[in-house]
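# Descriptive structure summary
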Amino acid sequence: AQTVTQSQPEMSVQEAETVTLSCTYDTSESNYYLFWYKQPPSRQMILVIRQEAYKQQNATENRFSVNFQKAAKSFSLKISDSQLGDTAMYFCAFMPVQGAQKLVFGQGTRLTINP
Amino acid sequence: NAGVTQTPKFRILKIGQSMTLQCAQDMNHNYMYWYRQDPGMGLKLIYYSVGAGITDKGEVPNGYNVSRSTTEDFPLRLELAAPSQTSVYFCASNQLAGGPSVSYNEQFFGPGTRLTVL
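Now for a look at the structure at hand. Residue numbers restart at each chain and count upward from 1, following the sequence in its written direction. Chain letters start at A and ligand numbers start at 1, both assigned in the order the entries are written. The predicted nature of this model means local features are confined to residues of pLDDT at least 70 and side-chain atom pairs, given and counted, to a pLDDT of 80 or more, with totals for whole chains, interfaces and linings taken over all residues. Heavy atoms from the whole structure form the basis of all side-chain values; hydrogens and water molecules are not counted.

Once that is clear, we can look at the overall build of chain A. Working definition: helices are DSSP H or I runs of at least four residues, strands are E runs of at least two. Numbering for both runs from the N terminus. The number of helices and strands found in chain A is 0 helices and 12 strands. Each helix and strand of chain A, placed in order from N terminus to C terminus, yields the pattern β-β-β-β-β-β-β-β-β-β-β-β. Each radius of gyration is computed over the set of C-alpha atoms, and the globule rule expresses the reference value as 2.2 Å times the number of residues to the power 0.38. Relative to a compact globule of 115 residues, whose C-alpha radius of gyration would be 13 Å, chain A shows 14 Å and is just as compact. With the principal axes as the frame, chain A shows a C-alpha extent of 45 × 25 × 20 Å. A simple rule labels every residue: compare its accessible area, found with a 1.4 Å probe on the protein chains alone, to the largest value its type can have, and call it buried under 20%, exposed over 50%, or partly exposed in between. Counting the 115 residues in chain A, one finds 49% classified as buried. Here, two residues are considered to be in contact whenever any of their heavy atoms come within 4.5 Å of each other. A separation of at least 24 residues holds for 54% of the contacts in chain A among residues at least 6 apart in sequence.

Residues and elements named next belong to chain B. Whether two strands pair comes down to DSSP finding at least two bridges between them. Pairing is antiparallel in the open sheet, where 4 strands are placed in the order E1-E3-E8-E7. Pairing within the sheet leaves two strands with one partner each, and these edge strands are strand E1 (4-7) and strand E7 (64-66). The average angle at which neighbouring strand axes cross in this sheet is 20°, direction not considered. Where strand E3 (residues 19-25) meets strand E8 (residues 76-78), 3 bridges bridge the pair, whose relative direction is antiparallel. Of the residues in E8, the one forming a bridge with Met 19 is Leu 78. An axis is simply a line fitted to the C-alpha atoms; with a helix, the fit covers only the stretch in contact. Between two such axes, the angle follows the N-to-C directions and lies from 0 to 180 degrees.

A word on the state of the cysteines. The bond known as a disulfide is covalent and runs between the sulfur atoms of two cysteines. Only a pair of cysteine sulfur atoms within 2.5 Å counts as a disulfide in this structure description. Counted under the stated rule, the structure contains 2 disulfides over all chains. In this model Cys23(A) forms its disulfide with Cys92(A); the gap between the sulfur atoms is 2.0 Å. Across the S-S bond linking Cys23(A) and Cys92(A), the dihedral sits near -70°, which makes this disulfide left-handed. Separated by 69 residues along the polypeptide, Cys23(A) in the loop between strand E3 (19-21) and strand E4 (24-26) and Cys92(A) in strand E10 (residues 88-96) bring together distant segments of the chain. The class of Cys92(A) is buried, set by a relative accessible area of 0%. Put simply, Cys23(B) and Cys91(B) are joined by a disulfide, and their sulfur atoms are 1.8 Å apart. On the sign convention where negative means left-handed, the S-S torsion of about -70° between Cys23(B) and Cys91(B) marks this disulfide as left-handed. Remark: Cys91(B) occurs in strand E9 (residues 87-94) and Cys23(B) occurs in strand E3; sequence separation between them is 68 residues. A relative accessible area of 3% places Cys23(B) in the buried class.

Quick look at the pattern of salt bridges now. Residue and element names in this part refer to chain A. Counted as salt bridges are all cases of a side-chain nitrogen of Lys or Arg within 4 Å of a carboxyl oxygen of Asp or Glu. Going through the model one piece at a time under the given rule, you end up with 6 salt bridges over all chains. Across the salt bridge formed by Arg 50 and Glu 52, the nearest N and O atoms sit 3.3 Å from each other. When its relative accessible area of 26% is taken as the criterion, Arg 50 is described as partly exposed. Three or more residues are tied together by salt bridges with common partners; here these are Arg 50, Glu 52 and Lys 55.

As C-alpha cells, this is what we get:
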C-alpha cells in the first residue's frame, strides 16, 4: 500500500516570499504520478501541478515548481513570489499509473500568506 | 460543461437515518470516485467505479454503498448514519487512460457535500 506524508501541518510566510512545502511517499510501484492540490476555504480541490515519475525533469507551472527526488521518494512544492490568494490547504497526492488510478493523499499543510 | 456536480451541499442527519449523496458528471468519464475528508485531514477513498455496473471498495468503505447504473451518475448511500460519518464528501471523475482527453490522468472534483451526523 502507498502512503503519503506531509510533515508540516502549518506554514506561514510574508507576501512575495518563497515557500517550500515538503512531501514524502512510500511505494513499490515503478510508474506513478505525483500531484499537489490546493484547497482554499471554498473547499474546492484545485490541481496545482503534476509530475510523472518517469520524467527526470521537474514540473513547473508559472510560480509553482517541484523538486522531485525519486530515489529519496521526496516531492516538494516551491511557491515563488507568494500571493495572498495562495493561502489554502495544500495536499500532496500519489496515483499509480496501473489499475484504477486511485489517489492517495497526505494529511495536508495549511499555508498562510501574510500581507 | 458543468463538470462534476454534487447534491446536496450541506446536510444534517440524525443517528440512524439514511440518505443518498448524489454525484453526476457530464464529461463522459469512465472512472468515478467517492472520497471523504475528515476535519484537518486529507481525502480518503471510499468507493470507486471503472464503468457502468462496476464498483469496488476503497480504503474506508464500511457504512456506505454505491451503484453505477449509468456513466454519468455515481450515488453514495449511507444506510445507518453514525457520528463517525461526519465529514465532507467529494466525488471525482477522470477519463480512462488512453482516452481522447489531453489531461487524462487528472481527476476532476465536485464541490463537496458537508455532512453532519448528530
